[in-house]
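# Fold and contact review
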Amino acid sequence: PSEPWSGNTMGGKREHVFGLTFDATGRWLFASCEDRYVRVIDCNDGFRCREHSFGTPGRLAVTHDGTWLLAAAQWTGTVSLVEVETAGFAPTVPVPVQHTDLIVSLEMQPHGDLALCASKDGTVSLFAPRTNQLVSVIRASRTMLLDAHFSPDGSRIITAAVPVYEGKFLLA
């Protein structure tokens, strides 16, 4: 362990945090930081225990079993899988999404095996992290997407786009 993590400072240096997520147990907090690291923080004591160098990380999500961290690169439209137990030590596995703009949403399907990745390029990619297979790419908008989420039961996806009145419901 190093120094306690305060949220906006690391070793006395201020930096931006681009994304945060917990694992399913709530013990581990994952933070994507401006200095190009994804940090793993132990919520029991607040200490940073691992970090993984990762381009410029943005959105984060964790598989339900806590095995894999999904990390979107802030500016390149790509997603990688990082094995949680070896974060910082094992190479990342690229996910076969092909976005051409900033990723605005990344999340796991509630009680399911799919993840969604939405981009400002107007597309939503559905993929299976366990098999690393792209399942579907949905053209959700002809304009810029701002957000996307699964419904609580995981059967639908909602998107928000510019202009605001173009919000749509999509079946997964």
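See the structure printed just above.
The following paragraphs examine the structure supplied in this document.

It is worth spelling out the environment of Val-62 at this point. Mapping Val-62 onto the fold places it in strand 7 (residues 57–62). Exposure remark for Val-62: the relative accessible area of 10% places this residue in the buried category. Considering only alpha carbons, one finds Val-62 and Met-108, 46 residues apart in sequence, at a separation of 7.2 Å. Discounting chain neighbours no more than four positions away, the residues touching Val-62 are Thr-21, Phe-22, Asp-23, Phe-30, Trp-68, Leu-69 and Met-108.

Across all of its chains, the model carries 4 salt bridges by this definition. A salt bridge links Glu-51 to Arg-39, with the nearest nitrogen and oxygen atoms 3.2 Å apart. Remark: Arg-39 occurs in strand 5 (residues 37–42) and Glu-51 occurs in strand 6 (residues 47–53); sequence separation between them is 12 residues. Taking the relative accessible area as the measure of exposure, Glu-51 reaches 31% and is therefore partly exposed. Classification of Arg-39 by relative accessible area gives buried; the value is 5%. Where Asp-65 meets Arg-130, a salt bridge forms, and the shortest distance between an N and an O atom there is 3.7 Å. Taken together, the positions of Asp-65 in the loop between strand 7 and strand 8 (68–73) and Arg-130 in the loop between strand 13 (123–128) and strand 14 (133–139) put the pair 65 residues apart, joining distant regions of the chain. Residue Asp-65 is classed as partly exposed on the basis of its relative accessible area of 45%. Residues joined in a network through salt bridges with shared partners are Asp-35, Arg-39 and Glu-51.

About the cut-offs
Residues numbered from 1 in each chain as written. Predicted model: local features only at pLDDT ≥ 70, side-chain atom pairs only at ≥ 80, totals over all residues. Heavy atoms only, no water. Helix = DSSP H or I, 4+ residues; strand = E, 2+ residues; numbered from the N terminus. Buried < 20%, exposed > 50% of the residue type's maximum accessible area, 1.4 Å probe, protein only. Contact = heavy atoms within 4.5 Å. Salt bridge = Lys/Arg side-chain N within 4 Å of Asp/Glu carboxyl O.

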